[in-house]
Amino acid sequence: MNKVKTRTGQLLRKLRELEYSRLAGYSRAAKVVLLHGSLSVVEQEMAVYKEAFTKQHFDVVYPSEVDEKSDKEIDGDLLNFTNIMDSVWNGRETDWVVLMCLSPTDGEHCLKPSVYLNLKPYQKVSRIPGLRNILWKKDALCSTMFRARHMHAFHQSPVSPLCWILPSQLDQFIASAQALNSPQHWVMKSVSSGRGQGIKLLKYDDILTLQESSFNTRAVIQEYIPNQLHVGKNLITVMVYVLVTSTSPLRVYLHEEGRAFFRQPQKDGFSKVLEHVWHVAQFRQYLRRTYGVLTEQKASQSIEQAVVSTLLIAEPLLRNAFRQLFQLEDGGYY
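Residues numbered from 1 in each chain as written. Predicted model: local features only at pLDDT ≥ 70, side-chain atom pairs only at ≥ 80, totals over all residues. Heavy atoms only, no water.

**A short note on the sheet that holds strand S5 (residues 98–102)**
Heads up, the condition is: Strands are treated as partners if at least two bridges between them are detected by DSSP. A helix here means a DSSP run of H or I that spans at least four residues, while a strand means a run of E at least two residues long, and both kinds are numbered starting from the N terminus.
The parallel open sheet is built from 4 strands, whose spatial order is S2-S1-S5-S6. Because the sheet does not close on itself, it has two edges, and the strands there are strand S2 (59–61) and strand S6 (124–125). One ladder, built from 3 bridges, connects strand S1 (residues 32–37) with S2; its direction is parallel. Its bridge partner lying in S2, Val33 is registered against Val60.

**Describing the pairing of strand S13 (residues 250–263)**
As paired elements, strand S12 (residues 234–247) and S13 share 11 bridges and run antiparallel to each other. The residue of S13 that forms the bridge with Ser246 is Arg251. Taken together, the 4 bridges between S13 and strand S14 (residues 272–279) define a ladder with antiparallel strand orientation. From the neighbouring strand, Ala260 faces S14, where its bridge partner is Trp278.

**Thoughts on unusual backbone geometry**
A cis geometry characterises the amide bond from Leu166 onward to Pro167, with omega recorded as 5°. Within the secondary structure, Pro167 is located in the loop between strand S7 (163–166) and helix H6 (170–180). Of note in this structure, His57 is not a glycine but carries a positive phi near 70°. In this model, Asn227 sits at a positive phi of 55°, which is unusual for a non-glycine residue.

**Concerning the side chain of Asp139**
Applied cut-off: By the convention used here, residues are in contact when the closest approach between their heavy atoms is within 4.5 Å.
Position of Asp139 relative to the elements: it lies in helix H4 (residues 138–148). Once residues lying within four places of it in the same chain are set aside, the contact partners of Asp139 are Ile165, Val191, Arg218 and Val220.

**Regarding the pattern of salt bridges**
Stated formally: For salt bridges, the criterion is a side-chain nitrogen of Lys or Arg within 4 Å of an Asp or Glu carboxyl oxygen.
Using the criterion set out here, one finds 4 salt bridges in the structure. Between Arg319 and Glu315 there is a salt bridge; the shortest N-O distance is 3.5 Å. With a gap of 4 residues between them, Arg319 and Glu315 both fall in helix H9 (residues 293–325), about one helical turn apart.

**Topic: the packing of aromatic side chains**
Stated precisely, the cut-off is as follows: Two aromatic rings from Phe, Tyr or Trp, using only the six-membered ring of Trp, form a pair when their centres are within 6.5 Å; if the ring planes differ by under 30 degrees the pair is stacked, by over 60 it is edge-to-face, and anything between is tilted. Throughout, exposure labels follow a simple rule: accessible area from a 1.4 Å probe, protein chains only, divided by the maximum for the residue type, with under 20% read as buried, over 50% as exposed, and the rest as partly exposed. Counted as over-ring charges are cases with an Arg CZ or a Lys NZ within 6 Å of the ring centre that also lie within 35 degrees of the ring normal.
Applying the stated rule across the entire model yields 7 aromatic pairs. With a centroid separation of 5.8 Å and 70° between ring planes, the pair formed by Trp164 and Trp186 is classed as edge-to-face. Of this pair, Trp164 sits in strand S7 while Trp186 is found in strand S8 (residues 186–190), placing the two residues 22 residues apart along the sequence. Across this residue pair, the class does not change: Trp164 and Trp186 are buried. Residues Phe173 and Trp186 carry aromatic rings whose centres are separated by 4.9 Å and whose planes lie at 85° to one another, so their mutual orientation is edge-to-face. In this pair, Phe173 is assigned in helix H6 and Trp186 in strand S8, connecting sequence segments 13 residues apart. Cluster of aromatic residues (ring-pair linked, three or more members): Phe262, Trp278, Tyr286 and Tyr291. Taking NZ or CZ as reference, Lys272 lies 4.1 Å from the ring centre of Phe261, over its face.

**Here's the deal with the state of the cysteines**
Threshold: Defined by distance alone, a disulfide is two cysteine sulfur atoms within 2.5 Å.
This structure, assessed with the given rule, holds 1 disulfide. Each sulfur in the disulfide pair Cys142 and Cys163 lies 2.3 Å from the other. Since a negative S-S torsion denotes a left-handed disulfide, the Cys142-Cys163 link at about 120° is right-handed. Placement of the pair is Cys142 in helix H4 and Cys163 in strand S7, with a sequence separation of 21 residues. As far as the burial class goes, Cys142 and Cys163 line up, both buried.

Note that all results are geometric; they support no functional claim without further evidence.
In structure tokens:
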């Protein structure tokens, strides 16, 4: 036992030394955050990130197309977003701490893969290479979760509902639906649609129609979970903020806050009620007040477990994506 304690203490000291060396220069760096990406996404998300970083005394710089007052003057120097991003994109030395890539892509819109190699140890980019084709897109998430069905740890306790990618897995889906032989409902989601659009609830007869109509639209179909939680007449979906600082080994931080979205009824396609959004703290308070402390605690634990399990399933795929990004021509790695 004493040997274990000694080795643990040595390991912790080494980790602290490594962390201090990696963050060397951070205290001297300008606390500048760059908000970059697709303009439509930047416009939508800018207020949240700007408020959060400003509270922590960061200077936030963003495209002038979003706000003509985007440039910041710090210690007499005018920080122009376009000039900074031009330097970042071309691998020239620039002084910033965080690059928030607000884009529905893997980040190539914000940063060339080769530029990652020139970043200073304390400079962080909010994008995980490969994530889009592993967890982000509907069909990618379905494919990743499909792999988990064959993992012993998740065989008895699946992380997500059963799903299939159409049209390639249409026959497999129909065979599974027929084998269940129950009045099961299914949810079909168009791969090309987002933000709650293109969602349909199907019955068994609708499935047979898909087969007969030579369905060839790319979509995802999954089990519909009955008896879902409603607040009034609305379903609730919860979005939480997760920070992944390392994929090998996997290191994840789950923020205590997030957002709870109200959804329209089935007849309206489950679209979001845009004018009605709660903070997760409000959602937890509702659960506690309506169903009791134990239910609220169980819901929080379920959310945490879903996040952890999903990232554990994706870990080997993310690790492989990093290897491909930084692989050299001779087979070695940067």
